[in-house]
Every structure is written in C-alpha cells, then in structure tokens.
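So you can see what is in the structure, the chains are spelled out below.
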Amino acid sequence: MEKDARAAEALVASSTGQAALDYAIQAAELYMRAASSTSNKQDAARFRQRCKVLIAHAEKLKTQLPKLSPGRNGSEILRQSSLLHGNEFPPWENDPPDVEFQRKSGQRLFTDETRFSLSPIQTENFASWQRPQDLSDIPEAGDQQALMRPSQSCNLVQDVTTDCSVVASLSAAIDMLTGKHAVLSSIIHPFDHENGHPKISASGKYVFRMNFNGCWRRVTIDDRLPASRTDRTLFVVDRRNPRLIWPALLEKAYLKVRGGYDFPGSNSGTDLWVLTGWIPEQLFLQREDFDLSTTWRRIKAAHETEDVVVTLGTGRISAEEEEVMGLVGEHDYAVLGMDCSDGIRKLLIKNPWCNGPVWTGAGWSTPQKSPKAGTSQQGESSDQKPELALSGTLWVAFEDVAQHFESMYLNWNPKLFPHRHDGHFNWSTPPKHLAASLVRNVQYAISCPRGGLVWILISRHFVDQELDIMRNRRGSMAAVAEQLGYMSILIFETNGKRVQTSEGPLYRGPYVDSPQTLARLEAEASKHYTIVLDQQELPLKSYNFTLTVFSELPIQVREAQEEMSHLKEIEGTWSRRTAGGNSSLSTYFINPQYKLSTTEAGPVSILLTTGDQDVHVHVDLAWASGKRVNSIRVKDLVGTSGEYRQGCAIASIPKLDPGIYTLVCSTFESNQTADFALRVSSTSNVGLEPIPADAAGRLRNSLTPLRLTEREERMRAQIQVSWLTRGSVCVRSVGPKNGRDEFARQSSSPMIRVYVAEGWGPEQFILAESGDGEFVESTAALRTPEFDLQPERTQSGQVWLIIETIGVVNTSTSLEMDVFSDSPVQVGPWQNW
C-alpha cells in the first residue's frame, strides 16, 4: 500500500489543476490506510505525517482551482454571499403570497430591526422613522391608492441622500419599470397585477426581489421612512406625486443591500443591475476608440423599443468648471429621451438633484418633437425650454455629451438573449510576484457551435470590507476607486487553452472600478475562446464572482485547460548579491541560474514574472549542461524571451531535445532587487533546480576602468594576495553614454582576451584565461574560470592580470573589470607591454 501511495504522490508533482488535487487526495487516503494497517508504530507515524502534508497541499490546490459551477460549489458560494452588513439576503425561491402581508386583528405592524446608518448631514435633518400614515401630506383612509399609484408622470428627485446613481437609475428606468415590460411587478411585493401598481401592505412589510451576489435575492423591509425636521428630504420624492412612496421603499431596500442611507456611492449601471437584472455595460466617452455614430445607432433603436436604459456619469470636475458649466462632478444623470431632428442627435438629460445646477455649458436644442409625441418623459412639452431647465432636464447634443461626460451606462433587457449560462466561483487574487502574469487568473473556455453574438458579464459580489474602504475614504471617488482596485475581461483565440500573459488578446476590456464588467464577442462557429478575468490592485485576498454568459444561440462554457500537462514553479529573488543585470554587464553571471533537465523531446514554455512593475525582466535558456554561465552569446542560446519586458517575460521553445540546460533569470539593470516566480510548462516531466552561485559570499573588487587605444593592444597589472585565495576575473567593454544615460552600442566592438599568468616570457604559465584562449568580441562580458593564487608567488611580483585587444577603433572604448575572490586581492597599476 505504501508503494501505491508513493506512486500517487509522485503523480501530484507531475500534474496540474483538478488532476493534481485528485492525486493528492488519493495519496493521502492511501497513506492513512497504510497507517491503519501497519503494526510498526514508527511507520504508522511516518504515514500519518505524509497524509497530513498531502491534505495541506490539497487544500492549497483547492484555492488555486476556479470554481465555476451551478451545483454544489456554486450553491456554497451563493450561501457565503448571503450575509451583508449583519443581514441575511437568501436566494429567491418563490413570490411571497399576499397572506404574508396581511395584518391580523391586534397584531403589531411589522418592524425591520436593521439599523440604517445616516451621514452627518442626514443626521442633522433627521427627525424619526415614520410610517406613511404619520408623514405629512399622506392621504386619509379611502385615498390610500395615491401612495402607490401616481396621478401624473413621475419626476423623481433626491436631496441630502448620497445616492444620485439610484435616483438617476429610477428616473431613467421609469418606463421600463411601469411600461410595457412592467419590471416593477416582479420586484416589489405585494403587487396589484390587475391594475399594474404595487399594493399597500397592511402589515407594513414589503419584500423586494433584487439581483446581486450571484442570484435573485429576497430583501425585506418595513415601510418606515426617515422623516425630516427641516424642509430637506431624506429619501427620494416625486415632485408631481408627493404622496407616492413606492420609489422611496425601493430606494430603502436597495440601500439596505448597499449599507445604509450614508452609502458613499455607486454607479447607475450597477444600481439597475441590482434593481432590475438588466445587463450593465459601461462606455468610456473619453477613450480614443469611442465611436459616436456606432454608439448612437446601437442605443437609439433599443431605446425606442424600451430595451435599454441610458444614464450618464461625470468624472472629477474642478469647482470653477462646475460653476461655469453647471455640471456636478462625480455625479450621475438620467437620460429620459433621444431625438434626431435637423441632423442633430440629442439626449434629454435630467439631474436627479432637486435643487441641482442646470448645465449651461452647451446651448439647449429644441427638437421638433420629443420621443413621446411632443411630450418628454417628464410630461412637459419639448418646446418649453425654460420649464425644462427649471425641472432639471435639458436637451443636449450628443457630441456635447461625449465631450463633457466621462461614462455612459447602458442597461440592456436580458430577454434580448434566448440563452443564458450562470456560474459562480471564488478567486484568491494572485500573490504580488505573479500579478504581472495570468497563471493564477480565472480562465474559462467558451464556444458557440453555431456562432453568433455572445455577451460575457463578470460580477463581483458585494462584501462588507469594500464598504468599509468606501466609508473611510479620503478625497474623491476616484481615490476610492484606486483603493478598491479594478478588473477587466480579456479574450484570447487560444482554442480554449489557458494563457500565461496578457499579450495578444482578441479583446482587451477597460479596467473598471465597477463591480461588473462586460465584454461583447461576435463568436465564430465552433471556435473556442479563452476568457480571462484580470485585475489591478484588488485589495482583498479573496472574492466571490459570478460569470453570466448571454448568447443568441446555444453556448458551451467550461474551465480552460493547461496547454501542457506538466509544470514546475519555483520562487526566487534578485538580491544585492544576485542582481547582475543584462548580458552586456560583467556581473551578468551572478544572476539566479537554474538547471533544467528533460528526458523527452517536446515543447517547453518558460515564464518569468515579478511583482515590481518597474523592473524589466528577461529569461535565457543556454547550452551549458546545467553549469553556471558567465555570459550569453547567440550561439549559446536554446531559447530566449527576447527584449526585456516590464514585469513579465516568456520564452517559448517549440521543441526542446532531451538534455540538461542552464536557465538564467535577469533584470535589465544591475542591483535591481525584487522577488520573482519562474514557471516551466511542458508536455513531459522536467527537472528544475537552482544552481549554486559560485561567487556567493565572495569579495568583489571593481577596478578602475581601462581606456583602450589603438596603440596599446596589450596591458598588464600585477596581482598580489596575502593568503591562499581562489578567484575569477570578469571584463566587459563599454562605449560613450548616450542622452538616456545608457551605454550606446558601438558599430564594431574590439576582440578581447583576458588571462591570469604566472611568470613572463617563455616560462610563462597561464593560470586561467577567457574564451578558451580565443579572442572574443567584447559585446558580451568575459569571465575567466576560477584559479588559485598563492601568496609566496604573487609577492615575488610574478603573477599578472593581462588584457589583449584587437581592432580598437573607438578611443572612447574602455574596459570595466571585477575581481571576485574569497580573500582580498590587490591589483596594481596598468602597464603598457
């Protein structure tokens, strides 16, 4: 049994993903059975220890596996995401019956014990929590329908509640909520389906169906609203229907999900995704690739059929610009109408603030007719320009919108897509030294056998820690975004296989601070795509996500698989002793080096990545039989990552023959310290182990640079030591510095030979020489093999460091030299010989 356990354990190291996890569990079980069946106490203890190690390794492997499953794992994630701010929001099961909202004789009104926090300015105006019948201007019994049914078109506004995105969302979506789609009927309960408006709950209890943290969830509130002791309002109100309370109840339910009335902010795309389940898309209007005409065509037709809701968001705006333009910075606006007359494309924009400034930066345009037969969605004639301004709405040219707003949020009717796939996964964000690569990122393969339009939405679940970050913010919402991090979707045409770096994607989405990000793909029939979730500076160690794929035709979604079945990973460091820099430097040889061995021919991929994005890295694989290399020449290379790249480099070798090789990890500059990870992937097992640094712990004596001339082709300097010493010499040529303070490459480089000799003339004995005694072009650093220096011989003045050159044509060329030794070495002045 021990033999079987060892065999399974060996397979763990040579496998990846789910296979590695399965082998680890199998090996642990075999060791446990072996411990139970043996009578030898020492063997039993050893088997139990191996079992313990394997279980710990299996747990680590679990964290590295993306969990996309509507089954057991998905259900577990949905349960984990049910708790927010001390409240439980269970997944939606069934619409509650009307009996749940009835009030029996003598029964007290329902009270939700949730504590809704208020901001300082809200607290200043707050009086108490009051039921609708206790609020001012609430009708007497018999006229209760005005609480839920407006008598004229709605005009929703906010005052001191910091949820402009919510009110902008409700204003823009009022037709979608109450019109032909009647989305409100599936959101609020109880609901009068016969008459098409919410019912008044006799018990004061309301249940809302909201879409967040992976599914539709049940949100329960009571009907108490924050009453004000001043003329300021603490909840959304309807200017034309002041008694209407269902928008305020919907707002309260949403703010319960998001953390309270002092909620520091969101965006309308996220809000409508939670409130309605309509697909959020964010367009960045200031991007160079933003196309006005294409966007107008996309949204105009859908807006006419009420299949898209449009809202706008501003970015950071100076106080002067706010005053001059009449815009509010970091604020959301509703789009109530779209029109194109006289060749001018216009949007009807509404500021949800009840006393907000009116945009004066662009002259309003009056369309010949508004989208609703001469009446705007606010119920006002489109040619009443002053009235529009007073109500906070204004027709604005589309070009002006694109110039002055930062984002356009589109929420699309999910019923536009006949097919949908939902899956949930947990992602432990990669450690810093792997963040520049994609090897720890969640990746999925998507294919559409018949092709067609596919939309991929990734939604990050709300967590308490992010709310804490937002509440403790200092400065603008942009500063908060930097603390919350960003995420994006990348799409690759790699036949559904995992990718290691972000180079060469078919699609690279913007990095957004929103909890949702969307990618649109026109899929080709039977082609497999790799979908990657990427991130920048997400602050938490672990997140839950939901992947939702919408498509016109049937789709297939699965975890992306590694292209190669075997991989080895090892972590390393460029320290002060091992940061040798690029191959043109004499210290190149001190870089971290590894012995790579393989017994079967096949493709190999070598990834080098570091968490320091200011460091440019490079990896070389050389013919060196697993021994340390001093320098790299083209003929030495088996494979290379090419130019030095920021944070991450990859060398792909289509076919590597069996053998033992030397792998060198380097930064462009010397003395750049950073941690790194090295990852080797192959189709068969490979060996990877560090090569000890032969200069580790040795002294470095940097000599004064030696200026070369055409007349002086041979120079020597005397060497002396006081103790028996072992050492080596490195030399490289450098030319004049250019304007960027880098050594410029010369059109032709001299040939150099460096050696250490004892004696002179015919009796001279060479202790060590570079290049096997041959002259070598000085574009690469040269290094002698190690040699021994005996003090009695050096003190007689018979040991020399000798430099010979051929082809010196640039009088600015000089040589830099380092002597590495385990005891001090004195090198005298250079002599022309």
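Up top you'll find the structure we're talking about.
Quick caveat, the model's predicted, so the values are computed rather than measured. (Residues numbered from 1 in each chain as written. Predicted model: local features only at pLDDT ≥ 70, side-chain atom pairs only at ≥ 80, totals over all residues. Heavy atoms only, no water.)

## Some remarks on the sheet that holds strand β19 (residues 443-447)
- What the five strands build is an open sheet, ordered β22-β21-β24-β19-β26; its pairing is antiparallel. Of all the strands in the sheet, just β22 (507-508) and β26 (556-559) have a single pairing partner and so form its edges.
- Alignment of strand β21 (residues 486-492) against β22, held across two bridges, turns out to be antiparallel. Residue pairing across strands places Leu 490 opposite Arg 508, the latter belonging to β22. (Pairing = 2+ DSSP bridges. Helix = DSSP H or I, 4+ residues; strand = E, 2+ residues; numbered from the N terminus.)

## Comments concerning the nonpolar core
- By size, the foremost hydrophobic cluster in this structure holds 55 residues, and its most contacted members are Leu 177, Phe 208, Met 210, Phe 212, Trp 246 and Leu 250.
- Elements represented by at least two residues in this core include exactly α6 (164-172), α7 (174-178), β8 (205-212), β9 (215-222), β10 (225-228), α8 (246-258), α9 (268-276) and β14 (332-341).
- The leading source of residues in this core is α8, at eight residues.
- What Trp 246 contacts, discounting residues up to four positions off in sequence, is Leu 147, Met 148, Ile 174, Leu 177, Thr 178, Leu 184, Ile 188 and Pro 198.
- Counting 34 residues, the second-largest nonpolar core is a separate cluster that includes Trp 296, Met 325, Trp 412 and Trp 455. (Core = buried A, V, L, I, M, F, W, Y, C linked by side-chain atoms within 4.5 Å. Buried < 20%, exposed > 50% of the residue type's maximum accessible area, 1.4 Å probe, protein only. Contact = heavy atoms within 4.5 Å.)

## A short note on the packing of α8 against α9
- In contact at an axis separation of 11 Å, α8 and α9 are set at 105° when each is read in the N-to-C sense. In this view, α8 runs roughly perpendicular relative to α9, as classed from their interaxial angle. Within the contact between the two elements, α8 uses Leu 250, Tyr 254 and Arg 258 and α9 uses Thr 270, Asp 271, Val 274 and Leu 275.
- Per-class residue counts for the contact of α8 with α9 are four nonpolar, one polar and two charged. (Axes fitted to C-alpha atoms, helices over the stretch in contact; angles between N-to-C directions. Parallel < 35°, antiparallel > 145°, perpendicular 65-115°, else oblique. Nonpolar A, V, L, I, M, F, W, Y, C, P; charged D, E, K, R; others polar.)

## Looking at unusual backbone geometry
- Across the junction of His 189 and Pro 190, the peptide omega takes the value 10°, indicating a cis bond.
- Assignment of secondary structure puts Pro 190 in the loop between β5 (188-189) and β6 (191-192).
- Of note in this structure, Asp 342 is not a glycine but carries a positive phi near 55°.
- Within the element layout of this structure, Asp 342 appears in the loop between β14 and β15 (344-350).
- Taking relative accessible area as the criterion, Asp 342 reaches 62% and is therefore assigned exposed.
- Phi is positive for Asp 772, which is not a glycine, with a value near 55°.
- Here Asp 772 shows up in the loop between β42 (765-769) and β43 (776-777).

## Remarks on the side chain of Ser 185
- Looking at where Ser 185 falls in the secondary structure, it is placed in the loop between α7 and β5.
- In this structure the side chain of Ser 185 is engaged in a polar contact, spanning 2.7 Å, whose partner is the backbone oxygen of Ala 182. (Polar contact = N/O pair within 3.5 Å; in protein donor to acceptor, adjacent residues only side chain to side chain.)

## Notes on the pairing of strand β29 (residues 602-610)
- By the criterion of burial, β29 is predominantly enclosed, with eight of the nine residues buried.
- In this structure, β29 lies alongside strand β33 (residues 648-656), joined through seven bridges in antiparallel fashion. Residue pairing for β33: Thr 609 is matched across the bridge by Cys 648.

## Some points on the sheet that holds β9
- Strands sit in the order β5-β8-β9 across an open sheet of three strands; the sheet is antiparallel. Edge strands, defined here as strands with exactly one partner in the open sheet, are β5 and β9.
- Looking at chain direction, β8 and β9 are connected through eight bridges and run antiparallel. Across the sheet, the residue bridging to Phe 208 is Val 219, located in β9.

## Considering helix α14 (residues 464-471)
- Taken residue by residue, α14 has Glu 466, Leu 467, Ile 469 and Met 470 as its buried positions. Projected down its long axis, α14 carries its buried residues within an arc of 155°, all on one side. (Arc of directions from axis to C-beta.)

## Thoughts on the pattern of salt bridges
- Taken as a whole, this structure holds 36 salt bridges when the rule is applied.
- Among the ionic contacts, a cluster of salt bridges with common partners joins Arg 440, Arg 498, Glu 562, Glu 569 and Arg 679. (Salt bridge = Lys/Arg side-chain N within 4 Å of Asp/Glu carboxyl O.)

## Re the side chain of Arg 698
- Assignment of secondary structure puts Arg 698 in the loop between β36 (686-690) and β37 (699-702).
- At 2.8 Å, the side chain of Arg 698 forms a polar contact with the side chain of Glu 786.
- Beyond its immediate sequence surroundings of up to four residues, Arg 698 is in contact with Arg 577, Arg 726, Gly 727, Glu 786, Ser 821 and Asp 822.

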